[in-house]
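These are the residues of each chain, in order.
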Amino acid sequence: MKTRTILSFLAIFEALAWSRPAAARADSPLQGEPAVRKKLQLRKYRVQVTPFVGMSLSQPFVHMGYLGGKVTFHFADWIGVRGTFGYGLIALESQLLRAINGGGLPEGIPPGETDPMSQIQCPPGGPPCRASEDEQNPAPLLHDSQAGLVRAQWQSSFDVVFTPFAGKLGIFSAIFTEYDFYIFGGLGLVNYAKQYPDTLSTQQQRQVDPVTGDCVIQGTGERDDECILHPVSADTGVKVGGSFGIGMNLMLTDWVAINLEVQDIVVGVNLAGLNSTVDDIPPRVDNGDRDAFHNVTFQLGAQFYFPPKAKRSK
Amino acid sequence: MRRIVSGSLGAILVAVAAIPAPAWAATVSRSNILGPAGDDDVVIVDDDEMEGTDEPTTPAPSGETPAEGSDVESDLFGGDTETAASGDGAVEVGKQDADSEEKLIKAEMGLISVVQRQRMLKKKRFELQPQFGITINDPYVRHYTLGLDFTFWITNRLGIGLTGTGLIGNVTPRYRNIRLQEGLLLTANQVLWQASANLSYNPFYGKIAIFNRALLHWETAIMIGGGATQTRVIPRYIALHEPFTNVTGGGHVTLMGRFYGPRADWISVNLGFRVWLYPDKLEPGQRGPDESDLPELDDPAAAKAAAQTELGFNVTAFLGVSFYFPTTFEYSTPR
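Residues numbered from 1 in each chain as written. Chains lettered and ligands numbered in written order. Predicted model: local features only at pLDDT ≥ 70, side-chain atom pairs only at ≥ 80, totals over all residues. Heavy atoms only, no water.

Visitor: Tell me about the overall build of chain B, and please be specific about residues and values.
Guide: Secondary structure assignment for chain B yields four helices and ten strands. When the elements of chain B are put in sequence order from the N terminus, they spell out β-α-β-α-β-β-β-α-β-β-β-β-α-β. Taking all 335 residues of chain B together, the buried fraction comes to 47%. Of the contacts formed within chain B by residues at least 6 apart in sequence, a portion of 73% connects residues at least 24 apart. Looking at chain B as shown, the accessible area adds up to about 15900 Å², and 62% of this sits on carbon and sulfur atoms. (Helix = DSSP H or I, 4+ residues; strand = E, 2+ residues; numbered from the N terminus. Buried < 20%, exposed > 50% of the residue type's maximum accessible area, 1.4 Å probe, protein only. Contact = heavy atoms within 4.5 Å. Areas by Shrake-Rupley, 256 points an atom, 1.4 Å probe, with all protein chains shown as cover.)

Visitor: Could you give me a rundown of the packing of aromatic side chains, with the residues and numbers involved?
Guide: Throughout the structure, instances matching the rule amount to eleven aromatic pairs over all chains. An angle of 35° between the planes, with centres 5.5 Å apart, marks the rings of A:Phe85 and A:Trp154 as tilted. Linking A:Phe85 in strand β4 (residues 79-93) with A:Trp154 in strand β5 (residues 150-171), this pair joins segments that are 69 residues apart in sequence. Residue classification places A:Phe85 among the partly exposed residues on the basis of a relative accessible area of 37%. Three or more aromatic residues link up through ring pairs in this structure, and these residues are A:Tyr179, A:Phe181 and B:Trp218. The ring of A:Phe52 carries the charged tip of A:Lys70 above its face, separated from the ring centre by 5.1 Å. Cation over ring: A:Arg82 sits above A:Phe184, and NZ or CZ is 3.9 Å from the ring centre. (Phe/Tyr/Trp six-rings, centres within 6.5 Å; stacked < 30°, edge-to-face > 60°. Lys NZ or Arg CZ within 6 Å of the ring centre and 35° of its normal.)

Visitor: Hey, could you go over the state of the cysteines for me, with residue numbers and the actual values?
Guide: Residues and elements named next belong to chain A. Within the structure shown, the criterion is met by one disulfide over all chains. Here cysteine 122 connects covalently by a disulfide to cysteine 129, the sulfurs 2.0 Å from one another. Between cysteine 122 and cysteine 129 the disulfide shows an S-S torsion of about 75°. By sign, it is right-handed. When its relative accessible area of 2% is taken as the criterion, cysteine 122 is described as buried. (Disulfide = S-S within 2.5 Å.)

Visitor: Give a detailed account of the nonpolar core, specifying residues and quantitative values.
Guide: Core analysis: the largest hydrophobic core is formed by 30 residues, its most contacted members being A:Phe61, A:Leu96 and A:Tyr192. Every element with two or more residues in this core is listed here: β3 (62-76), α2 (95-104), β5, β6 (175-194) and β10 (256-269) of chain A together with α3 (173-182) of chain B. If near-sequence neighbours (up to four positions away) are discounted, A:Leu96 is found in contact with A:Pro60, A:Phe61, B:Tyr140, B:Ile178, B:Leu184 and B:Leu186. Formed by seven residues, the second largest nonpolar core is a distinct cluster that contains B:Leu121, B:Trp153, B:Tyr324 and B:Phe329. (Core = buried A, V, L, I, M, F, W, Y, C linked by side-chain atoms within 4.5 Å.)

Visitor: For the pairing of β4(A), give the residues involved together with the corresponding values.
Guide: All names here are of chain A. Sheet topology note: the β3/β4 ladder contains 14 bridges and is antiparallel. Bridging from a neighbouring strand, phenylalanine 73 pairs with valine 81 of β4. From the end of β3 to the start of β4, which pair antiparallel, there are two residues. (Pairing = 2+ DSSP bridges.)

Visitor: Which residues make up the side chain of B:Lys122, and what values do they have?
Guide: Residues and elements named next belong to chain B. Along the chain, the position of lysine 122 falls in the loop between α2 (100-111) and β3 (126-135). In this structure the side chain of lysine 122 is engaged in a polar contact, spanning 2.7 Å, whose partner is the side chain of glutamate 219. When residues no more than four places from it in sequence are discounted, the contact partners of lysine 122 are Trp153, Asn156, Asn202, Glu219, Tyr260 and Tyr324. (Polar contact = N/O pair within 3.5 Å; in protein donor to acceptor, adjacent residues only side chain to side chain.)

Visitor: Just give me the short version of the pattern of salt bridges, but keep the residues and values in it.
Guide: Residues and elements named next belong to chain A. Evaluated as defined, the whole model comprises 15 salt bridges over all chains. For aspartate 180, the salt bridge identified is with arginine 43, shortest N-O distance 2.8 Å. Residue aspartate 180 is located in strand β6, and its partner arginine 43 is located in the loop between β1 (40-41) and β2 (47-57); the two are separated by 137 residues in the primary sequence. For the pair shown, aspartate 180 and arginine 43 are each scored as buried. Here arginine 82 ties to aspartate 159 by a salt bridge, and the two come within 3.0 Å at their closest N and O atoms. (Salt bridge = Lys/Arg side-chain N within 4 Å of Asp/Glu carboxyl O.)

Visitor: How would you explain the environment of A:Gly80 if you had to name every residue and give the values?
Guide: Residues and elements named next belong to chain A. Residue placement: glycine 80 occurs in strand β4. In the structure, glycine 80 is positioned 79 residues away from aspartate 159 in sequence and 8.5 Å away in space, judged by C-alpha atoms. Setting aside chain neighbours within four positions, we find glycine 80 in contact with Phe73, His74, Phe75, Asp159, Val160 and Val161.

Visitor: Got a sec to walk through unusual backbone geometry? Specific residues and values, please.
Guide: Residue A:Pro307 follows A:Phe306 across a cis peptide bond; omega there is -5°. Here the amide bond leading from B:Phe325 into B:Pro326 is cis, since omega sits at -5°, within 30 degrees of zero. Locating B:Pro326 in the fold gives a position in the segment after β10 (308-325). Phi is positive for B:Lys124, close to 60°, though the residue is something other than glycine. Note on placement: B:Lys124 falls in the loop between α2 and β3.

Visitor: Which residues make up the side chain of A:Ser243, and what values do they have?
Guide: Residue and element names in this part refer to chain A. Its place among the elements puts serine 243 in strand β9 (residues 237-251). For serine 243, a relative accessible area of 4% gives the class buried. Within the structure, the side chain of serine 243 is placed 2.9 Å from the side chain of aspartate 159, a separation counted as a polar contact. If near-sequence neighbours (up to four positions away) are discounted, serine 243 is found in contact with Ser157, Asp159, Phe184, Gly185, Gly186, Leu187, Gly188, Gln263, Asp264 and Ile265.

Here it is in C-alpha cells:
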C-alpha cells in the first residue's frame, strides 16, 4: 500500500513535469542518456564478411552480374571501414547492343569481296570496307563499334561506413528482428575490359602514319577514309573515381544478416571508345570523349559477424 | 480484445490523463479508464486499436471478471506481484485453476507489442503529401517529378487515395553520345503526367535509434493503383517532325517509408519508390527523311496511328512530406 502511494505521487509529479513549457524540460533526468540501454552492439569491434551477388543497373551496352565479397570492421556501432571487390561473371547484351549487332550498324563489304553497287573490290587481308550505299551514313562500321566497346569487368572500393540508424522491425506485429541502415562513401575502382576482345578496329588493321596520324592502305599507300573518320580507342584499364551508396542489414541471428545494398561508383570513361566531339579535325578519341559514368549495382549478400557473439551496451 | 491493467500503472495513467500533456505526449482517453476498485486502478486496454478497429467497447463494470485470463493484477514496477487484490473486483487466488499461471503469461504476452505505442495514428485522418522525385531506370530520358498524394486512412493501416504527378523529362548525355558515337537515333518517349486511384496498406512499422540518442518511428507502406498516363514521343528527326502524345491506362506499385518526428502529430517525411507500367506508343521506325521511309508518317496523327504499342515502365524515387488532418489524434489505449 505504501509503495503504491509513493509511486502514485511520483507519477503525478512526472506528469506535472511534462506539462511544463518546453524550455523547462531541458533539465530532464533523461537528458543525455542513451535512447536504448543494454543495447545489443551488433557492429562494434566486429568484423563483417559478406559474400554477395550483384547486378548492374542502367548500363547502356552490357549488363553485368557480379560475384564478390565485402570485409567491414566497425570501430564503433555507428562507424567503420570496409573493402569490397566484385568480379563480373555474367555479361548480357542490352537491348541497344542487340539492336546494334542485329543490323543497327552497317557491316561493310568483307575483305576480298566486291561492292555490288560500285563494283570496287575491298582489298583482301584488311578490314571490311564501307559499302557505297552507306557513304552518307555517319555511323561507324560494326567491327569498329565492337572494337571500341568496353564493359565493367570488375569493381572495387574502399569506404567509410556510417550507420546512424538501427532498430527493431515488426512485421504484422508477429515477427520482429534487428536491422540497420547505413550509408558509405570512399574511393572506387572499376576495371574496364573489351566486350569483343578479338575484334580489331580499322585503325588497328591499317598502318597509321606516326607523324600525320593518317591511315594508309598497305601496299598502295592510299589514305583510308574509314580509318581517318572513325577512330577507335577502347578505354580499357582501371579507372579511379568515387564510391557511395546505401544499404540495409536484416539480422537473422546475432551473427548473420541479410545484406541489401545499392552502390554507385562514378568514374570517367568512354564506354564506346569512339569520338563524341565535333570540334576535332580530323576526328580523334581523347580524354574529351570521356564522361562521368555511374556504375550502379544492386547487391544481395549474407553478412557474417565475427566474433559471433555481440556485446551489450551499458 | 479487452484486457485489464491494474495497480500503479493505472495510477500513472490516471495522473497522465488528468493533466494536459504537451503536444508530443499522447493522451489517454478518459473513456477507457475505470474508477478505482479499492486501491487498484483498473484500465481497459484495447490493443486492437493499432490494427484500426473501432473504439474500445464499454468497459467491464467493476467487479466483473474479464475474459482471457486478465483477472490477475500486475505491478509493472515489481515488488507487489504477490499482492492479492481485495474488494469486490478481486479474485481469490485460491480459486485459480491449474491453468492460471499459463493464463497470466498469455495475458501479459498479449499486452506486449513489438513496438509499443505507435508514434502516429492515422485512422480517420486525411493525408496530403507533396512529393518530388526522379526517374532512375531509363538511361536515355531523365524525368523530374512533382506530385501530390491524397489519402484517407480508413484504419491505421489501410487507406484509399488519389495521386497526381507531373513529369519534366529530357534526354540524357548518354542519349546524345549514342547519336554522336554510334550514329544511331534512339526511339524514346517522355512521360508528361500520371494520375491514379490508390489503395495503401502499412504492413511494417518500427523504431530506429539514431546514434542511440534519439528514437525515430517509421512505417512502410505498399500502395497499388490504377489510372491514366500521358506520354509524348521524342522525334528522332526533331528538326523535321512534330511529336505526338498518347493518353493511356496504367498502374503502379509503390513502396514507401514514412518517418515520424518526436513531437509533431501532423507531419511525416517520406521516401519511396514507384513503378509505373503502361502500354506506350512508340514513333514508327519508318518515320524519317530517307527514301525508304514513309513520307505520310511526317504527319503526327498518321504517325500515331501507325505507332507500335509496347509495354513501358518507369521507376521513380521520390521524397515527400505528409501533412495530416486533423492535425492531432488521441490514443484510446494507454500503450
